[in-house]
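# Working through the structure, step by step
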Amino acid sequence: MSITITGMTKRFGQTEVLRGIDLGVERGELVALLGPSGSGKTTLLKIIAGLEWPDRGQLDVDGQDWLQLAARDRRIGFVFQHYALFPHMKVRDNIAFGLTVRPRAERPGKAVIAAKVDELMRLLQIDQLGDRYPAQLSGGQRQRVALGRALAIEPKVLLLDEPFGALDAAIRRDLRRWLREVHEATGSTTIFVTHDQEEAFELADRVVVMGAGRIEQIGHADAIHDHPASPFVARFMGATVELPVRLQAGRAEAQGLDLSALPRRALADGPARLLVRPGDIVPLADAEGPWHVVSRVSTGAELRLLCRHPDVGEVESVLPRRGSAGAALVPGAAVRLRIEAGTLFPTERRETDLHTPRSEPLRMETSR
Ligand SMILES: Nc1ncnc2c1ncn2[C@@H]1O[C@H](COP(=O)(O)OP(=O)(O)OP(=O)(O)O)[C@@H](O)[C@H]1O
């Protein structure tokens, strides 16, 4: 099914949770909603599922107005992070549940249901576990059963809210790969919510980056990584260092910064800000400075150098420890900074910048 969301807004009391969402999802597409906590991802998913109602906007699925349709008539498979299986039912009965509770006229026969459950358990690689109870399963196995239960009804749309959130990193990686395979095998249109960039980029055909109730950018991993559409996205992608620069004919300049690797930008001459990832900052020994190394920490694989500028403040640079020219970069050394990649933005701040929560993953504070 293709999903088209237009002009969707939602408030909870004074909080504007969705501020005009426009989004199209193609039939059979796997789309990730990525964003920090509180950006409205779950609310959008619940509106699609019919568990929440928007204040304004449209939700069309294959041309049909889904806002007119009750949740139970939408044929949606929904899996939450803390998905409760029925503890008193065996795995196979949990998976069969959505089929067995259908009205008699629509309910498949017992043998058909059993065959469907067997097929799903094979697909989910839990075919040995059919007679176990949920308490006898690992977290990852339970998530698979939850997905099996969502898939059993042959959903037109599969909605997953942080489906692997509670699991450890190795199992998450396995389940991701496996979910991609299941998605390809079933061909359902799938939307999943995550605040984990790696998960979003590895799994999804397209990633929708949300911040403070708005869509900040939609695209593939490389485009979002290399060309963040807003300072918010740049920071969310780990560009935690902000440097003041001046633009002159599309080129950025600043004392003590080597910016020759940056492409020209079609921005007006004048002050601008450059957002950079710590891994794209290379300090180079230079007696003229005006930066100098303040501290140096090795994590084994990486060298983390804090550099200070008398006017700009401190910025962190992260270099691979081996092979880097880090040996000379001891505290007190005068350096200039070579910027390998970064994104330029005009100096004025947008509303969502001000709403950026302070506690995002990968965020490191730097003084400006
Ligand atoms: N039923 C509700 N009543 C009042 N406020 C709500 C309700 N549901 C969500 N909110 C608020 O709406 C905002 C967005 O919540 P939502 O769960 O959609 O965000 P999210 O991006 O999914 O966050 P997370 O990653 O933490 O799940 C939050 O500020 C939340 O507190």
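Note: the structure precedes this text.
Now for a look at the structure at hand.

About the criteria used
Residues numbered from 1 in each chain as written. Predicted model: local features only at pLDDT ≥ 70, side-chain atom pairs only at ≥ 80, totals over all residues. Pairing = 2+ DSSP bridges. Helix = DSSP H or I, 4+ residues; strand = E, 2+ residues; numbered from the N terminus. Axes fitted to C-alpha atoms, helices over the stretch in contact; angles between N-to-C directions. Contact = placed C-beta atoms within 7 Å. Parallel < 35°, antiparallel > 145°, perpendicular 65-115°, else oblique. Left-handed = near helix turned anticlockwise from the far one by under 90°. Nonpolar A, V, L, I, M, F, W, Y, C, P; charged D, E, K, R; others polar. Near = placed C-beta within 6 Å.

## Let's talk about the sheet that holds strand β5 (residues 64-65)
On the basis of which strands lie adjacent, the open sheet formed by four strands has the order β2-β1-β4-β5 and antiparallel pairing. This sheet does not close on itself; its edge strands, each paired only once, are β2 (15-25) and β5. Where strand β1 (residues 3-12) lies against strand β4 (residues 56-61), five bridges are found, and the strand directions are antiparallel. Residue pairing in the sheet places Thr-9 in a bridge with Arg-56 of β4.

## What about the sheet that holds strand β10 (residues 214-219)?
Spatially, six strands are ordered β6-β7-β8-β3-β9-β10 in an open sheet, and the strand pairing comes out mixed. Here the strands that pair on one side only, and so sit at the sheet edges, are β6 (76-79) and β10. Along the sheet, successive strands turn relative to each other by an average axial angle of 15°, direction set aside. Relative to β10, strand β9 (residues 206-211) runs antiparallel, the two being bridged by five bridges. Looking across to β10, one finds that Val-209 is bridged to Gln-217. The strands touched by helix α1 (residues 41-49) within the sheet are β3 (30-34), β6, β7 (157-161), β8 (189-194) and β9, with β7 carrying the most contacts at an inclination of about 150°.

## Brief notes about the packing of helix α2 (residues 91-100) against helix α4 (residues 139-152)
Any two packed helices are characterised by how steeply their axes cross, that is the angle between the axes, and by the distance between the axes. One way to put it is that α2 packs onto α4 with a least axis distance of 7 Å and a crossing angle of 30°. Taken as axis vectors, α2 and α4 run roughly parallel relative to one another. Judged by the sense of rotation from one axis to the other, the crossing of α2 with α4 is right-handed. Along its contact with α2, which presents Val-91, Asn-94, Ile-95, Ala-96, Phe-97, Gly-98 and Leu-99, the element α4 presents Val-145, Gly-148, Arg-149 and Ala-152. Of the residues that constitute the contact of α2 with α4, the class distribution is seven nonpolar, three polar and one charged.

## Quick look at the site of the ligand
Taken together, 13 residues are adjacent to the ligand, and Phe-12, Ser-37, Lys-41, Thr-42 and Thr-43 come closest. Taken together, the elements giving at least two residues each to the shell around the ligand come down to β2 and α1. Top element by residues in the shell around the ligand is α1. It accounts for three residues. Partitioning the shell around the ligand into residue classes produces three nonpolar, nine polar and one charged.

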